[in-house]
Amino acid sequence: MSDYYKVSLDEAEMPTQWYNLIPDLPTPPPPPLHPGTHEPIGGPDLAPLFAMALIEQEVSTESYIDIPGGILDVYRLWRPSPLYRARRLERALGTPAKIFYKYEGVSPTGSHKPNTSVAQAYYNHQEGITKLTTETGAGQWGSSLAFATAQYGIECEVWQVAASYRSKPYRKTMMEIWGASVHPSPSDVTEFGRQLLAKDPGHPGSLGIAISEAVSMAVDDPNTRYSLGSVLNHVLLHQTIIGEEALLQLDKVGETPDVVIACTGGGSNFGGLSFPFVREKLAGRMDPVIRGVEPASCPSLTKGQYRYDFGDTAGMTPLVKMHTLGHQFIPDAIHAGGLRYHGMSPIVSHLYEEGIMEAEAITQVECFGAAVQFARAEGIVAAPEPAHAVAATVREALACKESGDEKTILLGLSGHGHLDLASYDDYLLGGLVDHEFSDADLSAAMAHVPII
Ligand SMILES: *Cc1c(COP(=O)(O)O)cnc(C)c1O
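The structure displayed is predicted, hence computed values, not measured ones. (Residues numbered from 1 in each chain as written. Predicted model: local features only at pLDDT ≥ 70, side-chain atom pairs only at ≥ 80, totals over all residues. Heavy atoms only, no water.)

(A) The environment of Arg87, seen in detail. Following the sequence through the fold, Arg87 ends up in helix α4 (residues 87–93). Counting along the chain gives 301 residues from Arg87 to His388, while the straight-line C-alpha distance between them is 20 Å. Within the structure, Arg87 has its side chain in polar contact with the backbone oxygen of Tyr4 (distance 2.7 Å). (Helix = DSSP H or I, 4+ residues; strand = E, 2+ residues; numbered from the N terminus. Polar contact = N/O pair within 3.5 Å; in protein donor to acceptor, adjacent residues only side chain to side chain.)

(B) Spatial organisation of the site of the ligand. Close contacts around the ligand come from 18 residues, with Lys113, Ser230, Gly265, Ser268 and Ser414 the closest. Here His112 contributes a side-chain N or O atom positioned 3.1 Å from an oxygen atom of the ligand. Here Ser414 contributes a side-chain N or O atom positioned 2.7 Å from a nitrogen atom of the ligand. Within the complex, 98% of the 380 Å² of free accessible area of the ligand lies under protein. If you map the ligand onto the pockets, it falls in the largest cavity. When contributions to the shell around the ligand are tallied by element, the ones reaching two or more residues are α13 (268–282) and α16 (384–403). Its residues placed into classes, the shell around the ligand shows 3 nonpolar, 13 polar and 2 charged. Per-domain counts for the shell around the ligand show at least three residues from each of domain 1 (6–13 + 78–110 + 239–448) and domain 2 (18–66 + 113–233). (Near = heavy atom within 4 Å. Areas by Shrake-Rupley, 256 points an atom, 1.4 Å probe, with all protein chains shown as cover. 1 Å grid on protein atoms, 1.4 Å probe; cavity = no way out; pocket = protein on both sides within 12 Å on 5 of 7 lines; lining within 4 Å. Sits in = over half its atoms within 2 Å of the grid points. Nonpolar A, V, L, I, M, F, W, Y, C, P; charged D, E, K, R; others polar. Domains from an automatic or database assignment.)

(C) Main features of the packing of aromatic side chains. One pass over the full model with this rule turns up 13 aromatic pairs. Ring plane angle 80° and centroid distance 5.3 Å describe the contact between Tyr122 and Tyr123, whose orientation is recorded as edge-to-face. Just as Tyr122 is buried, Tyr123 falls in that class too. Each ring, one from Phe368 and one from Tyr424, has its centre 5.1 Å from the other, and the planes form 80°; the classification is edge-to-face. Residue Phe368 is located in helix α15 (residues 364–378), and its partner Tyr424 is located in helix α17 (residues 421–428); the two are separated by 56 residues in the primary sequence. A connected cluster of aromatic rings, assembled from ring pairs, spans Tyr75, Trp78, Phe147 and Trp178. For Arg87, the ring lying beneath its charged end belongs to Tyr4, and the centroid distance is 5.0 Å. It is Arg279 that lies over the ring of Tyr19; its NZ or CZ is 4.5 Å from the centre. (Phe/Tyr/Trp six-rings, centres within 6.5 Å; stacked < 30°, edge-to-face > 60°. Buried < 20%, exposed > 50% of the residue type's maximum accessible area, 1.4 Å probe, protein only. Lys NZ or Arg CZ within 6 Å of the ring centre and 35° of its normal.)

(D) Spotlight on the environment of Val59. Along the chain, Val59 turns up in the loop between α2 (52–58) and β3 (64–66). Placed 175 residues apart in sequence, Val59 and His234 show a C-alpha to C-alpha distance of 8.3 Å.

(E) Region of interest: the sheet that holds strand β1 (residues 6–7). Sheet architecture is open: 7 strands sit in the order β1-β4-β5-β15-β10-β11-β14, paired in mixed fashion. The sheet terminates laterally at β1 and β14 (358–362), the two strands that pair on one side only. Bridge count between strand β10 (residues 259–263) and strand β15 (residues 408–413): 3 bridges; the pairing is parallel. Across the sheet, the residue bridging to Val260 is Leu410, located in β15. (Pairing = 2+ DSSP bridges.)

(F) Spatial organisation of the pattern of salt bridges. Per the stated rule, a full pass over the model turns up 21 salt bridges. Residue Lys281 is joined to Asp287 by a salt bridge in which the shortest nitrogen-to-oxygen separation is 3.4 Å. You can call Lys281 partly exposed: its relative accessible area is 21%. Its salt-bridge partner being Glu396, residue Arg291 comes within 2.6 Å of it at the nearest N-O pair. With a gap of 105 residues between them, Arg291 in strand β11 (residues 289–295) and Glu396 in helix α16 connect regions that are remote in the sequence. Like Arg291, the residue Glu396 is buried in the burial classification. One salt-bridge network, in which partners are shared between bridges, spans Arg79, Lys102, Glu104 and Glu245. (Salt bridge = Lys/Arg side-chain N within 4 Å of Asp/Glu carboxyl O.)

(G) Looking closely at empty space enclosed by the protein. With the rule as written, the count across this model stands at 5 cavities of 30 Å³ or more. The space that makes up the largest cavity amounts to roughly 410 Å³. Lining the largest cavity are 32 residues, with Lys113, Gly229, Ser230, Gly266 and Gly338 positioned closest to its centre. Lining the lining of the largest cavity are residues from two domains, each supplying at least three of them: domain 1 (6–13 + 78–110 + 239–448) and domain 2 (18–66 + 113–233). (Points joined across faces, edges and corners; volume = space filled by probe spheres on them.)

Note that every value here comes from positions in space, so none of it alone points to a role or purpose.
Listed below in structure tokens is the structure:
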């Protein structure tokens, strides 16, 4: 195996359980609170929004949860996903580090998101739900849910952030191919959307606004549930198949990582890749540095506060303790749409608070530069979101070159960028700008965060 480039798993070697990190944590993350009473919420509070099986997973204290056969069968379309050794990138950088990347771009939608959309559509279908609503930023999540609902024959209605709806028409086409209906958000189909459009007909929208619209449509119909593509415990749970596979693959070539790097928007690809490694770290079986990478213009971990806040802009969701820039914060229109969220997964926020992981914020020009270097060496064009993880990997590999350290780096390459070529075009033409993060905007948005 000395000169391998790709480490594959057979279908029969695919993990058949998801891993729940919570029981292994030194202390549990604080519970979500009811937005009205500020008391911890229970399963029944969430029942209008989510399938019961998903609510049980959200609060589960079991370490491992069996993946039903009806989900494994769909996973087999693209799983196990490949792990590559980036030998050409290592040579191009002249680094003594070994770089591995776990590639989720092989799924039907080109990202890690179907790992959870398939699970969510499956459980809702099992419980007789006939329609799912959701929001989408760049379109990755909406297309992943559209693909998944098509697998089980349920309807899908998507609110897409208006700025992306206009600039990324191909994602909308993909959603429609899989049978979903798509609205730009803010839309004229919800009360909240109509209020915002009245103030600004050209409103660019935000993920928080689109969540408010999708949630309101779900709670109004007993046969409809809402579906979220990141942040929540059950979403990160479904993504852990990524890290479980990567552990098996690294074991095949006798490697353990010194650094695990993934981008963090709401935390799902990061959690999915890293949580099995966090388990190994907490158990003393290995000691990798776990690093999340976020955009400098939407830095919820590195600049946000650890507070109870709403998941959406209108303030309809439960209050969750997380790193937040404030639910009314509207980040600059950077190209990594999937990383433009004001909050962060409560588990990831808790890991950061406890010092179990670290975080780094990088500006988009550096990220596209690293992604172009990666593409020229490895061939794969990364999506703008994992381009942040690629940039952090390049930084780490160059630091190894300085120090002579032969570290093993594991990079999460959460998706390809074939539908993001317009942003690469901007970069190549030199038109891409770095947005300064404004502390004044942060203070203004934090002023609306409830005091608990
Ligand atoms: C949505 C998306 C992300 C960001 O979401 P997380 O929940 O933080 O993973 C990252 N990469 C890709 C390819 C995405 O589509």
